[in-house]
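Topology and contacts: notes
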Amino acid sequence: MKTRFITTLFIFISLFCFAQTKTNTDDQAIRKSMVYFVNTIKYKKLDQTVDSIYPKFFTIVKKDQFTQMLNMTYNNPFVKIDVLDMKFISVGKPELIEGENFSISSYYLKLKADVSSMSEEMKKSISEMLTKKYGKGTVEYLAKERAYVINAPMKMVAVSKDKKNWKVVFADKEYKKQLEKILPKKILDKL
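Note that the structure is a prediction, hence the values are computed from the model and not measured.

Observations concerning the overall build of the chain
Counting its secondary structure elements, the chain contains 6 helices and 6 strands. Its helices and strands in sequence order give the chain the pattern α-α-α-β-β-β-α-β-β-β-α-α, from N to C terminus. Counting all 191 residues of the chain, 38% fall into the buried class. Taken as a whole, the chain presents about 12500 Å² of accessible surface, with 57% of it coming from carbon and sulfur.

A look at unusual backbone geometry
Backbone geometry at Glu-98 places phi at a positive 50 degrees, although glycine is not the residue there. Among the secondary structure elements, Glu-98 is positioned in the loop between strand E2 (95–97) and strand E3 (100–114). A positive phi angle is found at Arg-146, which is not glycine, with a value near 50 degrees. Mapped onto the fold, Arg-146 is located in the loop between strand E4 (139–142) and strand E5 (147–160). A relative accessible area of 41% means that Arg-146 is categorised as partly exposed.

Notes on the pattern of salt bridges
Throughout the structure, instances matching the rule amount to 13 salt bridges. The shortest N-O distance in the salt bridge between Lys-186 and Glu-95 comes to 3.2 Å. Taken together, the positions of Lys-186 in helix H6 (residues 185–188) and Glu-95 in strand E2 put the pair 91 residues apart, joining distant regions of the chain. Between Lys-133 and Asp-172 there is a salt bridge, with its nearest N and O atoms 3.6 Å apart. Residue Lys-133 is found in helix H4 (residues 120–134), and its partner Asp-172 is found in the loop between strand E6 (167–170) and helix H5 (176–179); the two are separated by 39 residues along the sequence. In this structure Lys-133 comes out as partly exposed when scored by relative accessible area, which is 39%. Residue Asp-172 is classed as buried on the basis of its relative accessible area, which comes to 16%. One network of salt bridges, with partners in common, ties together Lys-44, Lys-80 and Asp-82.

Things to note about the side chain of Ser-160
Its location among the elements puts Ser-160 in strand E5. Look past the residues within four positions of Ser-160 in its chain and what remains in contact with it is Glu-100, Asn-101, Asn-165 and Trp-166.

Let's talk about helix H3 (residues 63–74)
For H3, spanning 12 residues, the distance from its first C-alpha to its last is 16 Å, which sits close to the expected 16 Å at 1.5 Å a residue. Every buried residue of H3 is accounted for by Phe-66, Thr-67, Leu-70 and Tyr-74. Down the axis of H3, the buried side of the element spans an arc of 100 degrees, and every buried residue falls inside it. Those residues of H3 that are exposed and aimed more than 90 degrees away from the buried face are Asp-64, Gln-68 and Met-72.

Focus: the pairing of E3
Burial runs high along E3: 11 of the 15 residues are buried. Pairing geometry for strand E1 (residues 80–91) and E3, over 10 bridges, is antiparallel. When the sheet's bridge partners are listed, Asp-85 is paired in E3 with Lys-110. By the bridge criterion, 3 bridges tie E2 to E3 in an arrangement that is antiparallel. Across the sheet, Ile-97 pairs through a bridge with Glu-100, a residue of E3. Adjacent in sequence and paired antiparallel, E2 and E3 are bridged by 2 residues, among which Glu-98 carries a positive phi angle near 50 degrees. Of the strand pairs in this sheet, E3 and E5 are connected by 14 bridges, and their pairing is antiparallel. When the sheet's bridge partners are listed, Lys-110 is paired in E5 with Asn-151.

The rules behind each value
Residues numbered from 1 in each chain as written. Predicted model: local features only at pLDDT ≥ 70, side-chain atom pairs only at ≥ 80, totals over all residues. Heavy atoms only, no water. Helix = DSSP H or I, 4+ residues; strand = E, 2+ residues; numbered from the N terminus. Buried < 20%, exposed > 50% of the residue type's maximum accessible area, 1.4 Å probe, protein only. Areas by Shrake-Rupley, 256 points an atom, 1.4 Å probe, with all protein chains shown as cover. Salt bridge = Lys/Arg side-chain N within 4 Å of Asp/Glu carboxyl O. Contact = heavy atoms within 4.5 Å. Expected span 1.5 Å × (residues − 1). Arc of directions from axis to C-beta. Pairing = 2+ DSSP bridges.

What follows is the structure, given as structure tokens:
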């Protein structure tokens, strides 16, 4: 009886440890994909940025339109935007839905927007737009550098069929209507 109890306990502990390892492996793979995505933006490798996006996203936004938007945002001569840092808040446990794994991640993306070539009126307009998008207290103007620093709270959904190769899609609430066409309701309800 004692041997049986010890054997059962050993099996339970082994299964528990394996489950923890599997979760950590998933977590690491998702983080790695998201960091890669952010780094492609940081280093202006925008073709690689596009390759990191969940392919179904391009059924709602044309690939060339998205690439053009990235170029206008990150290669804009009037507002130079640099990615300074990325900090994870949480990485959700992957959920298997209709043959694909979905994980919702929250993070802070710290950006710097150099607006030195803009007029005061345009700077004010940019400040209002950034504050509206990212929230009060997340946008700071550095007068000496003539730049805004944005500590943007963000969400992203990572998607994979094999839990090894993850693609990402922004999970902004403002795009929720479009995301309904490509993400399962169960995931959308959590955004």
